[in-house]
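Survey of secondary and tertiary structure
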Amino acid sequence: MTFSEEKAKYLSLPIDEKRLEYKCNKDFKTLSDIETWSTYFQNNESRLITQREACVQLPEKHSVQPSLTEKISLWKGDITTLEIDAIVNAANSSLLGGGGVDGAIHRAAGGSLKEECRTLKGCSVGQAKITGGYKLPAKYVIHTVGPQGEHPQDLKNCYESCLDLVRENRLKSVAFPCISTGVYGYPQEAAAKVALKTIRLFLEKNHSEIDRVIFCVFLPTDVTIYENFLQMFFPKS
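Remember, it's a predicted structure, so these values are computed and weren't measured experimentally. (Residues numbered from 1 in each chain as written. Predicted model: local features only at pLDDT ≥ 70, side-chain atom pairs only at ≥ 80, totals over all residues. Heavy atoms only, no water.)

Quick notes on the nonpolar core
- Membership of the largest hydrophobic core comes to 44 residues, with the highest contact counts inside it found for F176 and Y226.
- Ranked by residue count, the leading element in this core is helix α9 (residues 188–205), at nine residues.
- Here Y226 is in contact with L74, Y159, C178, A192, A195, L196, F215 and V217, once residues within four sequence places are set aside. (Core = buried A, V, L, I, M, F, W, Y, C linked by side-chain atoms within 4.5 Å. Buried < 20%, exposed > 50% of the residue type's maximum accessible area, 1.4 Å probe, protein only. Helix = DSSP H or I, 4+ residues; strand = E, 2+ residues; numbered from the N terminus. Contact = heavy atoms within 4.5 Å.)

Structure (structure tokens):
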């Protein structure tokens, strides 16, 4: 079976049949399993406010728009287990897999993902390309290449390129990892500010076109950073 045939197969499989193919078995998460930022904040309000007040450098606070807090989620876990429309892969320029999240996505999707990626002829920094999700719970994978080091415009371009593909393909839910942090050396707080600002602007302009944007984090430090910064970019009051 060619990758295009396998891609079509997985995209058309009834969900109960596709779930039998997941590498994570029954440990997948649906959108209904992921709290919105509004609910997350409500359930942890006292702790979050106290934690934020102890933070030395916070971004400027944005205006309150209650509807936007329903479009955002913060979730700590394995991005390859999310049963949503698309997950974003922080890829290298070859798009043929690597370490960390990139390698985990390729392993969970199966070999056909790499075969489709070969046809894309790589990807430039700040750009993004979309493939099928194959055996992943997610229908699609959006691959983007982040900058090495702190280059705000390149990182902004990553998020915007991914969001453009979400809109073009009429996808309703997408999860982002922390692009360019870790081995690529982008400072975590600076990267989070770029991500949150870019997605806030996108949601203000495209509110009706997407149901949920999930910030999928893994490290405890990233959880704290996003908890603090989400209060400034998506305030409840």
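Observations concerning helix α7 (residues 111–118)
- Every buried residue belonging to α7 is among S112, L113, E116 and C117, and all of these are buried. Projected onto a plane normal to the axis of α7, the buried residues spread over an arc of 145° and lie on a single side.
- Of the surrounding secondary structure, the elements contacted by the buried residues of α7 are α1 (3–12), α6 (100–109), β5 (128–132) and β6 (140–145). (Arc of directions from axis to C-beta.)

Regarding the packing of aromatic side chains
- Taken as a whole, this structure holds five aromatic pairs when the rule is applied.
- Centre to centre, the rings of W37 and F41 are 5.8 Å apart; their planes meet at 55°, and the pair counts as tilted. Of this pair, W37 and F41 both sit in helix α3 (residues 37–43), four residues apart, which is roughly one turn of that helix.
- Among the aromatic residues, ring-to-ring pairing joins W37, Y40 and F41 into one connected group.
- The ring centre of F218 lies 5.7 Å from the NZ or CZ of K76, which sits over that ring.
- In this structure, R200 packs its charged tip against the face of F234, placed 5.8 Å from the ring centre. (Phe/Tyr/Trp six-rings, centres within 6.5 Å; stacked < 30°, edge-to-face > 60°. Lys NZ or Arg CZ within 6 Å of the ring centre and 35° of its normal.)

Focus: the state of the cysteines
- If you walk through the whole model with that rule in mind, you get zero disulfides.
- With no disulfide partner, C55 has as its closest neighbouring cysteine sulfur the one in C178, 16 Å distant.
- With no disulfide of its own, C216 lies closest to C178 among cysteine sulfurs, the gap being 8.1 Å.
- You can call C216 buried: its relative accessible area is 6%. (Disulfide = S-S within 2.5 Å.)

Topic: the UniProt feature "domain: Macro" (unreviewed entry) in the protein
- As annotated by UniProt and renumbered to match this structure, "domain: Macro" (unreviewed entry) occupies residues 59–234.
- Summarising residues 59–234: 40% helix, 19% strand, and an end-to-end C-alpha distance of 11 Å. (UniProt positions renumbered as here; feature names shortened; annotations may be inferred.)

Observations regarding the pairing of strand β7 (residues 173–176)
- What you see with β7 is no split at all: S173 and A175 on one side and V174 and F176 on the other are buried throughout.
- In the sheet, strand β4 (residues 86–91) pairs with β7 via two bridges, with the strands oriented parallel. Residue pairing in the sheet places I87 in a bridge with A175 of β7.
- Here β7 runs beside strand β8 (residues 212–217); their pairing, made up of four bridges, is parallel. (Pairing = 2+ DSSP bridges.)

Here we look at the packing of helix α4 (residues 45–53) against helix α10 (residues 220–233)
- One can describe the packing of α4 onto α10 by two numbers: an axis separation of 10 Å at closest approach and a directional angle of 90°. Relative to α10, the element α4 is oriented roughly perpendicular. Residues R47, L48, I49, Q51 and R52 of α4 touch α10, and the partners they reach there are T224, E227, N228, Q231 and M232.
- In the contact of α4 with α10, the residues fall into three nonpolar, four polar and three charged. (Axes fitted to C-alpha atoms, helices over the stretch in contact; angles between N-to-C directions. Parallel < 35°, antiparallel > 145°, perpendicular 65-115°, else oblique. Nonpolar A, V, L, I, M, F, W, Y, C, P; charged D, E, K, R; others polar.)

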